[in-house]
Amino acid sequence: MQEPAKLLLENKAWSEDMVAKDPGYFMSLAKEQNPQFLWIGCSDSRVPAETIINAQPGEIFVHRNIANQVISTDFNCLSVLQYAISVLKVKHVIVCGHYGCGGVKAALQPQKSDLFIANQWLVHIKDVYRLNQDELEFLAMEKKVDRLIELNIIEQVYRLAHTPIVQYAWKTDQKPTLHGWVYGLENGLINELITLDHYTRINPIYKYAD
Ligand SMILES: [Zn+2]
């Protein structure tokens, strides 16, 4: 499948298939969305959010970027987070990274200056490496990449907890749970790395006073 026209044909076939199974499918889906999950994943084409958890349209709200990062100055991700929590009232926020992540691998290498925008994005992963350098620096390269992938996911989950969006929701009845998951490209399976909820003690330096 190379040509965009093929994608449009696939779309038409899919739409017709769905309507054949349920003539009112799109009519009811068009009325509203009520997802219970926000998914923050990597843009990698091999980790399609809905496919790997067998989710249907309407089930998960999705944001993806290179190496599934939550950056405190990224209004794209933060807007998605705020809308998902404050308006859609999702119950769970999932950060799902994956082994073999090209973004994390690239962050472990010297960068080329021609990719300066992408490099700035990867700097945040280099920061995760620096924070965990004692654990990482003497590992063999393959293990180092795998562990940095896991630590990067865990760091993003804490970054979610450090946002006023999540902290406010934890003080209401909503109390969304935060999850850090890692997906294996080689077996198609997801493992849970970390779960944070409103009982979690976070570093006081990141706590909002009200
Ligand atoms: Zn990736």
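Keep in mind that this is a model prediction, so the values were computed, not measured.

(A) Representation of the overall build of the protein chain. Per the secondary structure count, the protein chain includes nine helices and five strands. Ordered by position from N to C terminus, the α and β elements of the protein chain give α-α-β-α-β-α-β-α-α-α-α-α-β-β. Here the C-alpha coordinates of the protein chain stretch approximately 60 × 45 × 30 Å along the principal axes. Counting the 210 residues in the protein chain, one finds 38% classified as buried.

(B) Just the domain arrangement of the protein chain, in detail. For the protein chain, the domain assignment lists domain 1 (1-31) and domain 2 (34-206). Summarising the inter-unit geometry, the C-alpha centres of domain 1 and domain 2 are found 30 Å apart.

(C) How the structure looks around helix 4 (residues 75-87). Of the residues making up helix 4, those classed as buried are Cys77, Leu78, Val80, Leu81, Ala84 and Ile85. Buried positions in helix 4, seen along its axis, are confined to an arc of 160° and lie on one side of it. Structural note: helix 4 exposes Phe75 and Asn76 on the side pointing more than 90 degrees away from its buried face. Buried residues along helix 4 sit against strand 1 (37-42), strand 2 (60-65), strand 3 (92-98), helix 8 (141-161) and helix 9 (164-170). A distance of 3.1 Å separates the backbone nitrogen of Asn76 from a side-chain oxygen at the start of helix 4, and that oxygen is part of Asp74. With its phi angle positive at about 60°, Lys89 sits one or two positions after the end of helix 4.

(D) Representation of the sheet that holds strand 2 in the model. Strand order in the open sheet made by the five strands is 2-1-3-4-5, with mixed pairing throughout. Of all the strands in the sheet, the pair left with one neighbour each is strand 2 and strand 5 (190-196). Across the sheet, the axes of successive neighbouring strands diverge by a mean angle of 20°, strand direction being ignored. Those strands touched by helix 4 are strand 1, strand 2 and strand 3, and its axis lies near 170° from that of strand 2.

(E) Molecular detail of the packing of aromatic side chains. Under the defined criterion, the tally for this structure stands at four aromatic pairs. On the basis of an interplanar angle of 75° and a centroid distance of 5.4 Å, the ring pair of Trp14 and Phe26 is categorised as edge-to-face. Of this pair, Trp14 sits in helix 1 (residues 4-21) while Phe26 sits in helix 2 (residues 25-31), placing them 12 residues apart in sequence. By relative accessible area, which is 36% here, Trp14 ends up partly exposed.

(F) Broad picture of the state of the cysteines. Summed over the entire model, instances satisfying the criterion amount to zero disulfides. Here Cys96 stays free of any disulfide, with the sulfur of Cys42 as its closest cysteine sulfur at 9.5 Å. With a relative accessible area of 1%, Cys96 lands in the buried category.

(G) Geometry of the coordination of the zinc ion. The protein atoms that coordinate the zinc ion are Cys42 (SG), His98 (NE2) and Cys101 (SG), at distances spanning 2.1 to 2.3 Å. Summarised as a motif, the one-chain spacing of the donors to the zinc ion is C-x55-H-x2-C. Relative accessible area serves as the criterion here: at 1%, His98 is assigned to the buried category. The class for Cys101 is buried, based on a relative accessible area of 2%.

(H) Looking closely at the nonpolar core. With 42 residues, the main nonpolar core has Leu38, Leu81, Val93, Leu160 and Leu178 as its most contacted residues. With eight residues, the single largest contributor to this core is helix 8. Among residues more than four places away in sequence, those in contact with Leu178 are Val93, Val157, Leu160, Ala161, Val166, Trp170, Ile194, Thr195 and Leu196. Counting residues in each nonpolar core, the second largest holds nine residues, with Trp39, Ala49, Ile94 and Trp181 among its members.

Criteria and cut-off values
- Residues numbered from 1 in each chain as written.
- Predicted model: local features only at pLDDT ≥ 70, side-chain atom pairs only at ≥ 80, totals over all residues.
- Heavy atoms only, no water.
- Helix = DSSP H or I, 4+ residues; strand = E, 2+ residues; numbered from the N terminus.
- Buried < 20%, exposed > 50% of the residue type's maximum accessible area, 1.4 Å probe, protein only.
- Domains from an automatic or database assignment.
- Arc of directions from axis to C-beta.
- Contact = heavy atoms within 4.5 Å.
- Polar contact = N/O pair within 3.5 Å; in protein donor to acceptor, adjacent residues only side chain to side chain.
- Pairing = 2+ DSSP bridges.
- Axes fitted to C-alpha atoms, helices over the stretch in contact; angles between N-to-C directions.
- Phe/Tyr/Trp six-rings, centres within 6.5 Å; stacked < 30°, edge-to-face > 60°.
- Disulfide = S-S within 2.5 Å.
- Donors = N, O, S within 2.8 Å, 3.2 Å for Na, K, Ca; no water.
- Core = buried A, V, L, I, M, F, W, Y, C linked by side-chain atoms within 4.5 Å.

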